[in-house]
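What follows is each chain in one-letter form.
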Amino acid sequence: MPPAQPRRPGTPQPQPKNYRPFCLSVKGHVKMLRLILTVTSMTFFILAQAPEPYIVITGFEVTIIFFFIVLYLFRLDRLLKCLFWPLLDIINSLVTTIFLTIVSVLALIPETTTMTVLGGVFGLVSAMCCLADGALIYRKILFNPGGPFQKGPSLDQRHVL
């Protein structure tokens, strides 16, 4: 077997066999749908001149979702290994679900304009997408086949002295 030749600078690194671009993955599609629904909800709240907390919370969530999309799109999560990004993404999904559900229910309870009701409905659908996003990421963490520990045949045998 010949010795491995060093890569020349500037040549791209080979991608793993199961590499799938973020935009083509299910996680990417759910996150994009979540962004679109939250932007739509925020737009309806702005047009209806809803109370400011509705607009601020949805705008804040739009910003966070956008930053996570940029993070995964440019694979910065592989570069910045000091943080465990999937866990932060799950926590963000759960907190977003709670906040969007509260804002959406508060927007739907009183008799308000049609635009506020539409913002609340899109907010509830976005909250459901947040749950789906969190579940997908949790499943990826839980069933990671290429994780740090893989059971080998030597671990099945008991060593007797």
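The structure contained in this document is the topic of the report that follows. (Residues numbered from 1 in each chain as written. Predicted model: local features only at pLDDT ≥ 70, side-chain atom pairs only at ≥ 80, totals over all residues. Heavy atoms only, no water.)

### A closer look at the packing of aromatic side chains
A ring pair, where both rings are aromatic, is described by two values, the distance of the centres and the angle of the planes. Spelled out, the test is: Aromatic pairs are defined between Phe, Tyr and Trp rings, using the six-membered ring for Trp, whenever the two ring centres lie within 6.5 Å; interplanar angles under 30 degrees are classed as stacked, those over 60 as edge-to-face, and all others as tilted. Helix and strand assignments follow DSSP, with helices taken as H or I runs no shorter than four residues and strands as E runs no shorter than two, numbered in order from the N terminus. Only lysine NZ and arginine CZ atoms are considered, and such an atom sits over a ring when it is within 6 Å of the ring centre and within 35 degrees of the ring normal.
Under the criterion given, the structure shown has five aromatic pairs. Summarising the aromatic geometry, the rings of Phe68 and Trp85 are spaced 6.5 Å apart at their centres and angled 85° between planes, so their arrangement reads as edge-to-face. Of the two residues, Phe68 sits in helix H2 (residues 52-73) while Trp85 sits in helix H4 (residues 85-108), which places them 17 residues apart along the sequence. Here the aromatic residues Phe68, Tyr72 and Trp85 are joined through ring pairs into a cluster of three or more. Note that Lys27 overlies the ring of Tyr72, its terminal NZ or CZ placed 3.9 Å from the centroid.

### With respect to the nonpolar core
Our working rule: Remark: nonpolar core denotes a set of buried residues (Ala, Val, Leu, Ile, Met, Phe, Trp, Tyr, Cys) joined through side-chain atoms within 4.5 Å. The classification of residues rests on relative accessible area computed with a 1.4 Å probe and restricted to protein chains. Under 20% of the type maximum is buried, over 50% is exposed, and intermediate values are partly exposed. When checking whether two residues touch, look at their non-hydrogen atoms; a contact exists if any pair is within 4.5 Å.
One finds Phe22, Leu35, Val62, Ile65, Phe68, Ile69, Leu71, Tyr72 and Trp85 forming the largest nonpolar core, which totals nine residues. Here the element with the most residues in this core is H2; it accounts for six residues. Non-local contacts of Leu71, meaning those with residues more than four positions away in its chain, are made with Leu76, Asp77 and Trp85. Ranked by size, the runner-up nonpolar core spans five residues in total, among them Phe45, Ala50, Tyr54 and Val103.

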